[in-house]
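The residues making up each chain are set out below.
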Amino acid sequence: MPVTLGLGLPQLKHHVLGRDVAAVARAAEEIGYESLWVFERVLFPVPATQGLFGVPGVPWPDTYRGVADPLVTLTLAAAATERARLGTSVLVAPLHVPFQLARTLASLDAASGGRVVAGFGTGWSHDEYAAASVAPFDKRGEVLDELLDVCAAVWGPDPVAYTGELTTIAPSEVGPKPARPIPVFLAAAGPRAKRRLVDRADGWMPVAMGARELTREWRHLRELAEERGRTRPLDACVRVNARYSAKPYEGDGRQPFQGSVAQIVEDLVAHTESGVPGFLLDVQTTTRDAAELIDVAAEVYTAARAAGV
């Protein structure tokens with residue numbers, strides 16, 4: 001079977017949120033993309049106290065100067081579409097109050113007819129944690145665990161009741177309920193995070209890392225799932241942050257998914273050999289506007305399917 005293909009929605013500063021999200025979402029669904037995705041960046045510190053991804057000295061990209069709220073963006077897309085799944089890749093879960101986030105996702109799933117995919121991660125920015133003031137950075141794993149517990153309770157049958165470190169829910173009716181069980185994907189890298197993924201989540205949500213490494217990591221996760229007695233299938237969707245250019249990238253040093261449509265599709269074909277069942281393509285950082293984003297997305301989709309993806 002062909003892998004599923006998703007598209008990142010326009011959230012960056014050069015887009016017009018109220019116009020472009022709906023236009024791109026409708027076009028993507030018509031093109032054939034099975035899913036639509038958002039990511040989360042809540043601020044752009046000036047100056048940054050950390051490098052990008054916490055790596056000292058690596059500057060934050062200017063594209064992070066004003067990223068639209070992911071759940072507002074996804075709600076706009078839900079209203080403009082009928083079939084495409086609506087995913088977060090990813091929400092930085094510990095920046096959110098668990099009970100409120102669980103209710104918001106349930107409402108969005110109910111309103112969209114059961115199309116939400118909840119992708120969670122723990123993030124890396126100390127500045128974002130300080131601004132959110134939900135919990136300190138060193139508690140991020142515990143907060144994610146509690147969020148998963150709270151989501152399971154809130155999305156389950158009434159009466160809902162839960163007691164944790166951050167959350168206490170007295171026996172209550174909490175609605176609306178999701179239209180169906182919301183799939184939970186986790187962006188897991190370390191050993192503890194991988195164990196959490198195979199024990200508690202429906203799928204894996206990594207960033208593209210090179211075809212060989214992706215193949216190795218996907219095999220390792222499935223082996224870990226078998227070791228830990230998981231019996232249900234493990235899903236996955238790889239985020240591809242493509243750097244599109246109208247002309248092919250020439251010379252040495254080309255990174256995966258950098259260059260022309262043909263080069264991006266060539267890399268996509270190589271990555272699908274890993275056996276990962278789904279990919280989402282985000283080209284918003286290197287397209288000038290919604291019209292170009294739609295055009296590039298259509299070219300990539302058509303070329304990828306023609307190449308057997």
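If you're wondering where the values come from, they're calculated on a predicted model, not measured in any experiment.

Caption draft 1: Broad picture of the overall build of the chain. Tallying secondary structure elements over the chain gives nine helices and 14 strands in all. Over its C-alpha atoms, taken along the principal directions, the chain stretches across nearly 60 × 45 × 45 Å. Within the span of the chain, comprising 309 residues, buried residues form 51% of the whole. Within the chain, residue pairs in contact and separated by at least 24 positions form 70% of the contacts whose partners lie at least 6 positions apart. Approximately 14,200 Å² of the chain is accessible, and the part contributed by carbon and sulfur atoms is 53%.

Caption draft 2: Spotlight on the nonpolar core. Core analysis: the largest hydrophobic core is formed by 76 residues, its most contacted members being Leu5, Tyr33, Leu105, Phe120, Trp155, Leu197 and Phe279. Look past the residues within four positions of Leu197 in its chain and what remains in contact with it is Leu186, Ala188, Gly203, Trp204, Leu221, Arg230 and Leu234. Among the nonpolar cores identified, the runner-up in size contains eight residues, and Phe44, Leu52, Tyr64 and Trp124 belong to it.

Caption draft 3: Representation of the pattern of salt bridges. As enumerated under the stated definition, the model contains 16 salt bridges in all. Salt-bridge contacts for Glu34 lead to Arg305; the nearest nitrogen and oxygen are separated by 3.0 Å. Taken together, the residues span a long stretch of sequence, with Glu34 in the loop between α1 (17–31) and β2 (35–38) and Arg305 in helix α9 (residues 290–306) at a distance of 271 residues. Looking at Glu34, the relative accessible area reads 28%, which means it is partly exposed. Several salt bridges share partner residues, and in doing so they unite Asp145, Asp149, Arg192, Arg196 and Arg200 into one network.

Caption draft 4: Representation of helix α2 (residues 70–80) in the model. Turning to α2, its buried residues are Pro70, Leu71, Thr73, Leu74, Ala77, Ala78 and Ala80. Where α2 is buried, its residues touch α1, β2, β3 (85–88), β4 (91–92) and α3 (98–112).

Caption draft 5: Here's a closer look at the packing of α1 against α2. Packing of α1 against α2 brings their axes to within 8 Å, and their N-to-C directions diverge by 50 degrees. Here α1 is positioned oblique relative to α2, judged by the angle of their axes. You can see that α1 and α2 cross each other, and the crossing is right-handed. Facing α1, whose interface residues are Leu17, Val21, Ala22, Ala25 and Arg26, α2 presents Thr73, Leu76, Ala77 and Ala80.

Caption draft 6: Broad picture of the packing of aromatic side chains. Evaluation of the coordinates by the stated rule reveals eight aromatic pairs. Considering the side-chain rings of Phe53 and Trp124, the 5.6 Å spacing of their centres and the 70 degrees angle between planes classify their relative orientation as edge-to-face. Of this pair, Phe53 sits in the loop between β2 and α2 while Trp124 is found in the loop between β5 (116–121) and α4 (126–132), placing the two residues 71 residues apart along the sequence. Classification of Phe53 as exposed rests on a relative accessible area of 52%. Note on Trp60 and Trp124: the rings are 5.0 Å apart at their centroids and 65 degrees apart in plane angle, and the pair reads as edge-to-face. Here Trp124 lies in the loop between β5 and α4 and Trp60 lies in the loop between β2 and α2, a separation of 64 residues in the sequence. Neither Trp60 nor Trp124 differs from the other in exposure class; each is buried. Here the aromatic cluster, defined as three or more aromatic residues joined through ring pairs, consists of Phe39, Phe44, Phe53, Trp60, Tyr64 and Trp124. Seen from the ring of Tyr64, Arg41 lies directly overhead, with NZ or CZ sitting 5.5 Å from the centre.

Calculation criteria
Numbers given for residues are sequential positions, taken from 1 along each chain in its written order. Local features in a predicted model are, by the rule used here, given only for residues with pLDDT of at least 70; side-chain atom pairs are given and counted only at 80 or more, and totals for whole chains, interfaces and linings are based on all residues. Only hydrogens and water are removed before side-chain values are computed, so all heavy atoms of the structure are retained for them. Starting at the N terminus, helices and strands are each numbered in turn, a helix being any DSSP run of H or I of at least four residues and a strand any DSSP run of E of at least two. The buried label applies to any residue whose accessible area, calculated with a 1.4 Å probe on protein chains only, is under 20% of its type's maximum; exposed applies above 50%, and partly exposed to all values in between. Pairs of residues are marked as contacts when any of their non-hydrogen atoms sit within 4.5 Å. In these tables, accessible area is a Shrake-Rupley quantity obtained with a 1.4 Å probe, and a residue counts as shielded only by the protein chains included in the view. For this analysis, a nonpolar core means a set of buried residues of the types Ala, Val, Leu, Ile, Met, Phe, Trp, Tyr and Cys, connected via side-chain atoms within 4.5 Å. Salt bridge criterion: a side-chain nitrogen from Lys or Arg within 4 Å of a carboxyl oxygen from Asp or Glu. A fitted line through C-alpha atoms serves as each axis, taken over the contacting stretch for helices, and the angle formed by two N-to-C directions is quoted from 0 to 180°. What sets the label is the angle itself: under 35 degrees gives roughly parallel, over 145 gives roughly antiparallel, 65 to 115 gives roughly perpendicular, and the rest give oblique. Note: crossing handedness is left-handed where the near helix turns anticlockwise from the far helix by less than a right angle, and right-handed where it turns clockwise. Any two rings among Phe, Tyr and Trp, with Trp reduced to its six-membered ring, count as a pair given centres within 6.5 Å; such a pair is stacked if its planes are under 30 degrees apart, edge-to-face if over 60, and tilted if neither. A positively charged side chain is recorded as over a ring if its NZ (Lys) or CZ (Arg) lies within 6 Å of the ring centre. The angle to the ring normal must also be within 35 degrees.

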